[in-house]
Amino acid sequence: MSKKTFEAAAAANAHLIVQLKDNQLTLRGKVEAACNTAMPLSAVQAIDGKKRNRHETRTIAVFDARPAVVGTEWEPYVAAAVEVERTVHAFLPATGLWKTSTETSFYLSNRPIDANHAADAIRKHWRIENKLHYTRDVTLREDASRIRKNPGVFARIRSFAYNILRINQSDTIAQDRYAAALGGLVSIFSMRFTI
């Protein structure tokens, strides 16, 4: 997260919500302290109970960010702070027990926002993260790439392959990729290349 991101969003008149990571410890500490001592402007709870062997409850609360950013370089850019607390109950088939974990994340918004809209925006971000980035990082092994000369060319090739596999998806991307590799050119030429 950088000020340039917030400046670009302001120049484009775009609404921006960014997660605070551990590389911004001072700002994260101030936001966490402000959220712990103030009353939320709005709050909502969302429950995902439809997942197999997993039950997640998210509590999303929106706070005024001014107490956390006053007098800092972030003051002109940040309007709201969002706290997301996730409680996950995961069933462990090997033991027959449930394991519970809790995680709290903080986000900053460049505009005032209510808890429902913040929850929706954050959830949509994770849908993209899981659908695209996880597939590229794990299935297409982009993070494991040792290519150092012109890595952008190979990233585009991976994007091209990902898009073709996604259009022709019949199973998981990993299984479709494996089937295409085993099927050779016959399998590749039988795929659709346009939507």
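Figured I'd write up the structure that's included with this text. (Residues numbered from 1 in each chain as written. Predicted model: local features only at pLDDT ≥ 70, side-chain atom pairs only at ≥ 80, totals over all residues. Heavy atoms only, no water.)

**A few points about the side chain of serine 105**
Move 1: Here serine 105 is to be found in strand β5 (residues 97-109).
Move 2: Residue classification places serine 105 among the buried positions, given a relative accessible area of 3%.
Move 3: Residues within four places of serine 105 in sequence aside, it is in contact with Gln19, Val82, Glu83, Val84 and Arg86. (Helix = DSSP H or I, 4+ residues; strand = E, 2+ residues; numbered from the N terminus. Buried < 20%, exposed > 50% of the residue type's maximum accessible area, 1.4 Å probe, protein only. Contact = heavy atoms within 4.5 Å.)

**Section: unusual backbone geometry**
Move 1: With a phi angle near 55°, asparagine 13 is a residue other than glycine that sits in the positive phi range.
Move 2: If you trace the backbone, asparagine 13 turns up in the loop between α1 (3-11) and β1 (17-19).
Move 3: With relative accessibility at 62%, the residue asparagine 13 sits in the exposed group.

**Concerning helix α6 (residues 173-189)**
Move 1: Its 17 residues place the ends of α6 only 17 Å apart at the C-alpha level, less than the 24 Å of an ideal helix rising 1.5 Å per residue.
Move 2: Taking the largest bend as the criterion, α6 deviates by roughly 120°, centred on glycine 183. (Expected span 1.5 Å × (residues − 1). Bend = angle between axes of the 7 residues up to and from the residue.)

**A look at the sheet that holds strand β3 (residues 54-64)**
Move 1: Taken in spatial order, the five strands line up as β1-β5-β4-β3-β2 in an open sheet, and their pairing is antiparallel. Each edge of the sheet is formed by a strand with only one pairing partner; in this case those strands are β1 and β2 (42-48). Adjacent strand axes in the sheet meet at a mean angle of 20°, parallel and antiparallel pairs treated alike.
Move 2: Across 13 bridges, strand β4 (residues 80-92) lies against β5 in antiparallel orientation. From the neighbouring strand, glutamate 85 faces β5, where its bridge partner is threonine 104.
Move 3: Lying on the sheet, helix α2 (residues 25-37) is in contact with β3, β4 and β5; it crosses β5 at an angle near 105°. (Pairing = 2+ DSSP bridges. Axes fitted to C-alpha atoms, helices over the stretch in contact; angles between N-to-C directions.)

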